[in-house]
Amino acid sequence: MKKLLLGLAIATLSLSGTSASVGATDSCTISNTGPDSTNSCVVKEDFTCKVENDNKFTVINKNNQEATSGSAAVSGNTTGGSATSGSATNSNGTVIDVTITNSGCVVAAVTPPAPVTPVGGSGGGSGGGQPVSGMGAAQPRPVGGMGAVAAPQKAAPTMLPDTSATSTIGITAGLVALLAAAIVGSRFAVGAYSNIKS
Amino acid sequence: MSKSTDSKAQFYGLVGLLNIAVGVMFYTINITPTPVLANSAPHIQSTVIKPAPATQGLPVRVVIPSLSLDLPVAVGTYNTDDGSWTVDNTKAYYADVSMPINNANGTTLIYGHAQATIFETLPQIQPQADVIVYTDNGYAFHYTYTTVQEVAPTDVSVFTSNGPPKLVLQTCVGAYSERRALYSFRLVAIDAL
């Protein structure tokens, strides 16, 4: 007698519409409001983060089992007699763990592990019997990932910040150099004028 | 009915009863074993766990122990009219168009002048150097230095990179501060203060 166990497990895990908000940092200040002036300040922050994870896994578990009973016969007994049947049993168990990791906006593809080899049963004895069918189990265990953080919705800059050194010592030194150059230049000019005049 | 006929009827009745008794006896002896059938249906369990929310915050302080740097961080904004950014000589700034400090994705840009009190010593940083950024909501994000890249002031791709969580510190380099040096740091740990 043959028993065929085919376990097909399909699970679809969907995560959608997960949103995250980021603390707004915009602010505005209204000042110098004169008579009859109209002032308005509008700050709008929109943050959207959508995470969709669609994971599918398939596990196929096949167990072939066979248990054949022995034969029993009674014959030629004068006072009768009896033949009692034995029993033939099979058993097996299969546990398959599937782990799916959902991370951010990226679907992490996880290959399900190969089905575990079933534990074979044993049959025999005399008389009729039937094998016990096998049992398959699939236990998906999704592991939570992490939601994505949305970028602030601001005007796209066209320049990186200008972080050049602006030390006061440098500026002062530059001004002093310019002043010195002006003094030297004026003295040359005065000297040249005096020579021409004389 | 004659007497012999009655005797025959009694005899066949007894034989019939005997046959029934023998049949019951053999039936009792030859019991077919009852097969034991286990549960053959595959057992499926599934659980859906939603992604955990990311930890994030706005940077308020940056510390680089190996350079003895400990600076406050303010929010720096971009002026679309003249293309300038908020910057001064007293602190570092977080570019508010970049990602907030977080452990999920994207690049956070903190910038500061290349002068002694701010980021002048950044070029001296060594590989694997630690940087700690404290956030306004009580977290300390620990980063480690990975690479430096010099780019033109017009290269704003740092604002659109959306890979693993990363910190970039920016200051100016070059004889005339004409280029921007971007120091990249990889997130390694978070502490809740």
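Our structure is the block above this text.
Residues numbered from 1 in each chain as written. Chains lettered and ligands numbered in written order. Predicted model: local features only at pLDDT ≥ 70, side-chain atom pairs only at ≥ 80, totals over all residues. Heavy atoms only, no water.

Chemist: Can you explain the overall build of chain A? Please cite residues and give values.
Modeler: Looking only at helices and strands, one finds one helix and six strands in chain A. Scanning chain A from its N terminus toward the C terminus, one meets helices and strands in the order β-β-β-β-β-β-α. The buried share of chain A, taken over its 198 residues, is 25%. Of all intrachain contacts in chain A linking residues separated by at least 6 positions in sequence, the fraction that spans at least 24 positions is 87%. Carbon and sulfur atoms make up 56% of the accessible area of chain A, which totals about 12,600 Å². (Helix = DSSP H or I, 4+ residues; strand = E, 2+ residues; numbered from the N terminus. Buried < 20%, exposed > 50% of the residue type's maximum accessible area, 1.4 Å probe, protein only. Contact = heavy atoms within 4.5 Å. Areas by Shrake-Rupley, 256 points an atom, 1.4 Å probe, with all protein chains shown as cover.)

Chemist: So what's going on with the pattern of salt bridges? Residues and values would help.
Modeler: Residues and elements named next belong to chain B. Taken as a whole and assessed by the stated rule, the structure comprises five salt bridges over all chains. With its nearest N and O atoms 3.1 Å apart, the salt bridge here joins K91 to D88. The exposure class of K91 is partly exposed, given its relative accessible area of 23%. Relative accessible area serves as the criterion here: at 24%, D88 is assigned to the partly exposed category. Between E150 and R179 there is a salt bridge; the shortest N-O distance is 3.7 Å. One end of the pair, E150, is in strand 11 (residues 139–151); the other, R179, is in strand 13 (residues 179–192), with 29 residues separating them in the sequence. Owing to a relative accessible area of 46%, E150 belongs among the partly exposed residues under this scheme. For R179, a relative accessible area of 32% gives the class partly exposed. (Salt bridge = Lys/Arg side-chain N within 4 Å of Asp/Glu carboxyl O.)

Chemist: Explain a nonpolar patch on the surface residue by residue, including any values.
Modeler: On the surface, a nonpolar cluster with roughly 340 Å² of combined accessible area is contributed by L14, L17 and I20 of chain B. Among the structural elements, L17 of chain B can be located in helix 1 (residues 3–29). (Patch = residues over 30% accessible without salt bridge, like charges linked within 9 Å, V, L, I, M, F, W, Y side chains within 5 Å.)

Chemist: An account of the packing of aromatic side chains is requested, with residue identities and associated values reported.
Modeler: Aromatic ring pairs are described here by two measures, namely the spacing of the ring centres and the angle between the planes. Residue and element names in this part refer to chain B. Under the definition given, this model contains seven aromatic pairs over all chains. Look at W85 and Y111: their rings are 5.7 Å apart centre to centre, the planes differ by 70°, and that puts the pair in the edge-to-face class. Here W85, found in strand 6 (residues 84–85), pairs with Y111, found in strand 9 (residues 107–111); they are 26 residues apart in sequence, far enough to count as distant. Under the relative-accessibility criterion, W85 is labelled buried at 8%. Taking 6.4 Å as the distance between ring centres and 70° as the angle between the ring planes, the aromatic pair formed by Y139 and F141 counts as edge-to-face. (Phe/Tyr/Trp six-rings, centres within 6.5 Å; stacked < 30°, edge-to-face > 60°.)

Chemist: Now, about the sheet that holds strand 4 (residues 69–76) of chain B: what can you tell me, with residues and values included?
Modeler: Residues and elements named next belong to chain B. Spatially, the eight strands close up into a barrel ordered 3-4-7-9-12-13-11-10, and their pairing is mixed. Adjacent strand axes in the sheet meet at a mean angle of 30° when their direction is disregarded. Pairing between strand 3 (residues 59–64) and strand 10 (residues 130–135): four bridges, direction antiparallel. Following the sheet pairing, V62 is matched in strand 10 by V133. (Pairing = 2+ DSSP bridges. Axes fitted to C-alpha atoms, helices over the stretch in contact; angles between N-to-C directions.)

Chemist: Residue-level account of the pairing of strand 7 (residues 92–95) of chain B, with values.
Modeler: All names here are of chain B. In strand 7, alternate side chains face the same way, and those of A92 and Y94 on one face and Y93 and A95 on the other are all buried. Here four bridges tie strand 4 to strand 7, and the two strands are oriented parallel to one another. Residue pairing across strands places G76 opposite A95, the latter belonging to strand 7. Where strand 7 and strand 9 come together, two bridges link them in antiparallel fashion. When the sheet's bridge partners are listed, Y94 is paired in strand 9 with I110.

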